[in-house]
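# Coordinates in review
The residues making up each chain are set out below.
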Amino acid sequence: MSAPEGFQKGSFRGVAFRTEESETSGGRRGVVHEFPQAEKPVWEDMGRAARSYRIDCHIVGDDYPAVANDLADALDAPGAGTLIHPWFGSMQVAVPAGAWSRRDSAIDGVNIAWFSIDFVETGLPAPAVATADTQAEAIAQADIAAEAAPSLFGDAFSIEGATAFVEAAAGDVIDGAATLVSLRAGLQGGFGGALQALQTNLGLLGEAGDLLRAPIALGVAVVSLVQVLGAIGGSAEGDSYRALMDWGSDLPAVIGDTPARVLERENQAAIVQLVNLAASAELVRWLAGSDFASYDDAVVARDDAADRLDALALRQADAGDDDGADQYDALRRACTADLTARGGSLARLQSFTPAVTEPALVIAMRLYGDPTTVIDRADEIVARNKVRHPGFVPGGAALQVLSREAING
């Protein structure tokens, strides 16, 4: 006979059992008041009584003794536990003293344990499910990639025995990367200690002629230079990492199949990979430390990062660099998991069209109804929709606003 609709396999504290019958009881708590000369009593409602669930079940099979003992231990364990009720689903219950009995049988050679159990609801919340710290995992993966980058570069780069123009070409490529980092730092508004650190690292790269003969040291210097952008910060930090991830695709191709040209081409590819991987690690680190106003914002950032990392992984795989491709794949997985997990609890964007031109404060109050946050919500509307003046939000034009449910929830 098939199970009735809605039925599921029962268990308590993770120990499964086969259900035969289930009975539920409940009611209202109350006090009956009787007064002199009154023909009818007054019943005072004290709230709903705790529901009890009587379940008759059994355990059978080759592993019957161990599973039956596990269920008995679970029923005697202290505190409330999670019951998966065959019809009512998951709930937190307790087992009072004397509320369960067990009968073992071996009729016709079949070993079976019969249980009759009375569960009582506790009203306690279900225990929190352990979740991974996706931000920490993404940052850890960024650390791994940044640490691996100089070593991978050292394996791919060499000017040993190379002609002078091969060494000069490598120096020029390094200078191009340093120039881009310097420009991006200027757009981020670097100052103080961060700017001094940038200048120090640029000074080290200015001696690239010496560092070219020590590839791992050169790799460390380039990674450190990219990481300085994180110390500078600013609203353009993410764009800086994206620019460095894109860097190298428009460099002039090295033409020729002589040994010198092949080495020059390989060194150029190694430098580009070093900069791209360092920037990729820092983008993932920056995203892990960023807060997003909405689910939609998190999804856009996640998909953009995933597409960029996937393209770089494919490039390295096509070039036969499986180790480099693995670094990009690991960064993509960590970043995607982090932004998916954190974005899921954020407000969604929705469209709202004001009927007439009015201040952003009026729109925010109408949408969210919370005087304590109305200024922040109005500022968010203005910034997201690039409104020229917060006092005059154009009517008749659709706005992107955060959903009210998630804001107030």
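Residues numbered from 1 in each chain as written. Predicted model: local features only at pLDDT ≥ 70, side-chain atom pairs only at ≥ 80, totals over all residues. Heavy atoms only, no water.

This paragraph deals with the overall build of the chain. Looking only at helices and strands, one finds 13 helices and 11 strands in the chain. Sorting the 409 residues of the chain into buried and exposed places 39% on the buried side. Accessible surface, the chain as shown: approximately 22000 Å² in total, 54% of it carbon and sulfur. (Helix = DSSP H or I, 4+ residues; strand = E, 2+ residues; numbered from the N terminus. Buried < 20%, exposed > 50% of the residue type's maximum accessible area, 1.4 Å probe, protein only. Areas by Shrake-Rupley, 256 points an atom, 1.4 Å probe, with all protein chains shown as cover.)

We now examine the packing of aromatic side chains. For the structure on display, the rule yields 4 aromatic pairs. Ring centres 6.0 Å apart and planes at 35 degrees place the aromatic pair W100 and F115 in the tilted group. Separated by 15 residues along the polypeptide, W100 in strand 8 (residues 100-105) and F115 in strand 9 (residues 112-121) bring together distant segments of the chain. By relative accessible area, which is 24% here, W100 ends up partly exposed. (Phe/Tyr/Trp six-rings, centres within 6.5 Å; stacked < 30°, edge-to-face > 60°.)

Examined against the element boundaries, H85 turns out to sit in strand 6 (residues 81-85). Assessed through its relative accessible area of 0%, H85 is described here as buried. At a separation of 3.1 Å, a polar atom in the side chain of H85 contacts the side chain of S22. If sequence neighbours within four positions are ignored, H85 has contacts with Q8, S22, Y53, I55 and M91. (Polar contact = N/O pair within 3.5 Å; in protein donor to acceptor, adjacent residues only side chain to side chain. Contact = heavy atoms within 4.5 Å.)

This part covers unusual backbone geometry. Glycine aside, residues mostly have negative phi, and peptide bonds are mostly found in the trans state. Residues other than glycine seldom take positive phi values, yet R13 does so here, at roughly 50 degrees. Tracing the chain through its elements places R13 in the loop between strand 1 (10-12) and strand 2 (15-25). In this structure, K386 is a non-glycine residue whose phi angle is positive, near 55 degrees. Along the chain, K386 turns up in the loop between helix 12 (374-385) and strand 11 (399-402). Using a relative accessible area of 71% as the deciding quantity, one classes K386 as exposed.

Overall, the prediction assigns the chain a mean pLDDT of 85, with 89% of residues at 70 or greater. pLDDT under 50 marks residues 1-6. Its contacts with residues more than four places away, or in other chains, come to 4 contacts. Within the model, pLDDT remains below 50 along residues 405-409, and this stretch shows 6 contacts once partners closer than five positions in the same chain are excluded. (pLDDT = per-residue confidence, 0-100.)

Looking now at the pattern of salt bridges. Taken as a whole and assessed by the stated rule, the structure comprises 17 salt bridges. Residue D246 is joined to R308 by a salt bridge in which the shortest nitrogen-to-oxygen separation is 3.0 Å. Of this pair, D246 sits in helix 7 (residues 237-246) while R308 is found in helix 9 (residues 295-318), placing the two residues 62 residues apart along the sequence. For R308, a relative accessible area of 22% gives the class partly exposed. Measuring nitrogen to oxygen at the nearest pair gives 3.6 Å for the salt bridge that ties D329 to R332. Note that D329 and R332 are positioned in helix 10 (residues 322-343) at a spacing of 3 residues, about one turn of the helix. (Salt bridge = Lys/Arg side-chain N within 4 Å of Asp/Glu carboxyl O.)

Interaxial distance between helix 7 and helix 9 falls to 11 Å at its minimum, and their mutual angle equals 20 degrees. In terms of their interaxial angle, helix 7 and helix 9 are classed as roughly parallel. Here helix 7 and helix 9 pass one another in a crossing that is left-handed. Facing helix 7, whose interface residues are R242, M245 and D246, helix 9 presents D304, R308, L309 and L312. Among the residues making up the contact of helix 7 with helix 9, the classes are represented as 3 nonpolar, no polar and 4 charged. (Axes fitted to C-alpha atoms, helices over the stretch in contact; angles between N-to-C directions. Parallel < 35°, antiparallel > 145°, perpendicular 65-115°, else oblique. Left-handed = near helix turned anticlockwise from the far one by under 90°. Nonpolar A, V, L, I, M, F, W, Y, C, P; charged D, E, K, R; others polar.)

What follows deals with the side chain of R342. By the secondary structure assignment, R342 is in helix 10. Separated by 3.5 Å, the side chain of R342 and the backbone oxygen of A288 make a polar contact. Reaching out from R342, the side chain makes a polar contact with the backbone oxygen of S290 at a distance of 2.8 Å. When residues no more than four places from it in sequence are discounted, the contact partners of R342 are T134, Q135, L287, A288, S290, D291 and F292.

Time to look at a negative patch on the surface. A contiguous patch of negative charge on the surface is contributed by D155, D322, D323 and D326. With 3 residues, helix 10 is the largest single contributor of residues to the negative patch. (Patch = residues over 30% accessible without salt bridge, like charges linked within 9 Å, V, L, I, M, F, W, Y side chains within 5 Å. Lys, Arg positive; Asp, Glu negative; His and termini not counted. Charge placed at Lys NZ, Arg CZ, Asp CG, Glu CD.)

In this model, helix 12 (12 residues) spans 16 Å end to end at C-alpha, consistent with the 16 Å of a helix rising 1.5 Å per residue. Listed in full, the buried residues belonging to helix 12 are V374, R377, A378, E380, I381 and V382. (Expected span 1.5 Å × (residues − 1).)

Now for the nonpolar core. One finds F157, L244, W247, I271 and L287 to be the most contacted residues of the largest nonpolar core, which totals 56 residues. Where this core is concerned, the elements lending two or more residues are helix 2 (134-156), helix 3 (164-188), helix 6 (215-232), helix 7, helix 8 (259-288), helix 9 and helix 10. At 13 residues, the largest contribution of residues to this core is made by helix 8. Those residues within four positions of F157 in sequence are excluded, and the remaining contacts are A170, L212, P215, N267, A270 and I271. Within the second largest apolar cluster, 22 residues are counted, among which are A68, A74, V93 and F115. (Core = buried A, V, L, I, M, F, W, Y, C linked by side-chain atoms within 4.5 Å.)

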